[in-house]
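A structural walkthrough
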Amino acid sequence: MLIAGFPAGAWGTNCYLVAPAAGEECVIIDPGHQAAPGVEEAVAKHRLKPVAVVLTHGHIDHVASVVPVCGAHDVPAWIHPADRYMMSDPEKAVGRSIGMPLMGELTVGEPDDVKELADGVRLELAGLELSVAHAPGHTKGSVTFGLPEAADIPPIMFSGDLLFAGSIGRTDMPGGDMAEMLDSLARVCLPLDDSTVVLSGHGPQTTIGRERATNPYLRQVADGQGAADQAPRRGM
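This text gives an overview of the structure that appears in the document. (Residues numbered from 1 in each chain as written. Predicted model: local features only at pLDDT ≥ 70, side-chain atom pairs only at ≥ 80, totals over all residues. Heavy atoms only, no water.)

Running from N to C, helix H1 (residues 36–46) and helix H3 (residues 66–73) cross one another at 35°; their axes reach a closest spacing of 9 Å. For the pair H1 and H3, contact is made by Ala36, Val39, Glu40 and Val43 and by Val69, Ala72 and His73, respectively. Looking at the contact of H1 with H3 residue by residue, the classes come out as five nonpolar, one polar and one charged. (Axes fitted to C-alpha atoms, helices over the stretch in contact; angles between N-to-C directions. Helix = DSSP H or I, 4+ residues; strand = E, 2+ residues; numbered from the N terminus. Contact = heavy atoms within 4.5 Å. Nonpolar A, V, L, I, M, F, W, Y, C, P; charged D, E, K, R; others polar.)

Listed below in structure tokens is the structure:
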């Protein structure tokens, strides 16, 4: 398994390229603001052939480079239908709080080929099997992508802005909902094995076991108490 990840753009959003090995087909996860150069560098370095872009949600810091990346490699983009509008209207998705100067630098819109994700679907792409879990709370169409355990590789979850090391995604923008966030944490995260590696939309990697023990939100959800605002929430 090859996972090449890097933080991109003004929000330091993690973009990932995932492949069975170097020299093979790959999937690109969340090519956000100014991610296209990093994508091309990783493609060249590891001799990869992109076959799809998959998106954990529609916020501009995760989708800003979808059009150029999909166009450069003639590949589709996958997104949950509840967040699809954000690709063409990113300011509406964040309550017009980013500011016009930054928005003016971005090429927004849909790539030529957009496919829609659904809860429980398994995507067979690039020799990988990505399981999709709908996880609203940060946005209505947030999803996570899972890779099963294989050989010496533990299970992996690409959590987007659902779960971070020590925190969770913010819920105070259009489409955000704390009750839905808590439900998603309980339904999507808690059943996972402690060994599951969490690769999130922002910040360092972690594991479900570490977050179950130390993340104040996940701990309180596990205790059935709901989650108090004990740690800052991240994501755009």
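Our next topic: the environment of histidine 62. Checked against the element boundaries, histidine 62 lands in helix H2 (residues 60–63). For the pair formed by histidine 62 and aspartate 161, sequence separation is 99 residues and the distance between their alpha carbons is 9.7 Å. There is a polar contact of 3.3 Å between the side chain of histidine 62 and the side chain of aspartate 161. (Polar contact = N/O pair within 3.5 Å; in protein donor to acceptor, adjacent residues only side chain to side chain.)

The next subject is the pairing of strand S2 (residues 13–19). In terms of residue burial, S2 counts as a mostly covered element, since seven of its seven residues are buried. A two-sided burial pattern is seen for S2, the buried positions comprising Thr13, Cys15, Leu17 and Ala19 on one face and Asn14, Tyr16 and Val18 on the other. In this structure, the hairpin formed by strand S1 (residues 2–8) and S2 is closed by a connection of four residues, where glycine 9 is found at a positive phi of approximately 75°. (Buried < 20%, exposed > 50% of the residue type's maximum accessible area, 1.4 Å probe, protein only. Pairing = 2+ DSSP bridges.)

Before going further, it helps to spend a moment on the nonpolar core. Core analysis: the biggest nonpolar cluster contains 27 residues, and Leu17, Ile28, Val39, Val53 and Val66 have the highest contact counts within it. Taken together, the elements giving at least two residues each to this core come down to S1, S2, strand S3 (25–29), H1, H2, H3 and strand S5 (77–79). At four residues, the largest contribution of residues to this core is made by S1. When near neighbours in sequence (up to four residues on either side) are disregarded, valine 53 contacts Ile28, Pro31, Val66, Val69, Cys70, Val75, Pro76, Ala77 and Trp78. Residues Val18, Ala126, Leu130 and Ile156 belong to the second largest nonpolar core, which totals 21 residues. (Core = buried A, V, L, I, M, F, W, Y, C linked by side-chain atoms within 4.5 Å.)

Below, the discussion takes up the sheet that holds S5. With mixed pairing, six strands are arranged side by side in an open sheet as S1-S2-S3-S4-S5-S6. With one partner strand each, in any of the chains shown, S1 and strand S6 (114–116) form the two edges of the open sheet. In this sheet, adjacent strand axes meet at a mean angle of 25° when their direction is disregarded. As judged from the five bridges shared by S3 and strand S4 (residues 49–54), these two strands associate in the parallel manner. The residue of S4 that forms the bridge with isoleucine 29 is valine 54. Set on the sheet, H1 makes contact with S1, S2, S3 and S4; between it and S1 the angle comes to about 155°. The strands that H3 touches are S3, S4 and S5; relative to S4, the one it contacts most, it runs at about 150°.

What follows is about H3. Among the residues of H3, those classed as buried are Val66, Val69 and Cys70. Take H3 and look down its axis: the buried residues cluster within an arc of 95°, on one side only. Summarising the geometry of H3, the exposed residues directed more than 90 degrees from the buried face are Gly71 and Ala72. Where H3 is buried, its residues meet S3, H1, S4, H2 and S5. Just beyond H3, the residue with positive phi is aspartate 74, at close to 55°. (Arc of directions from axis to C-beta.)

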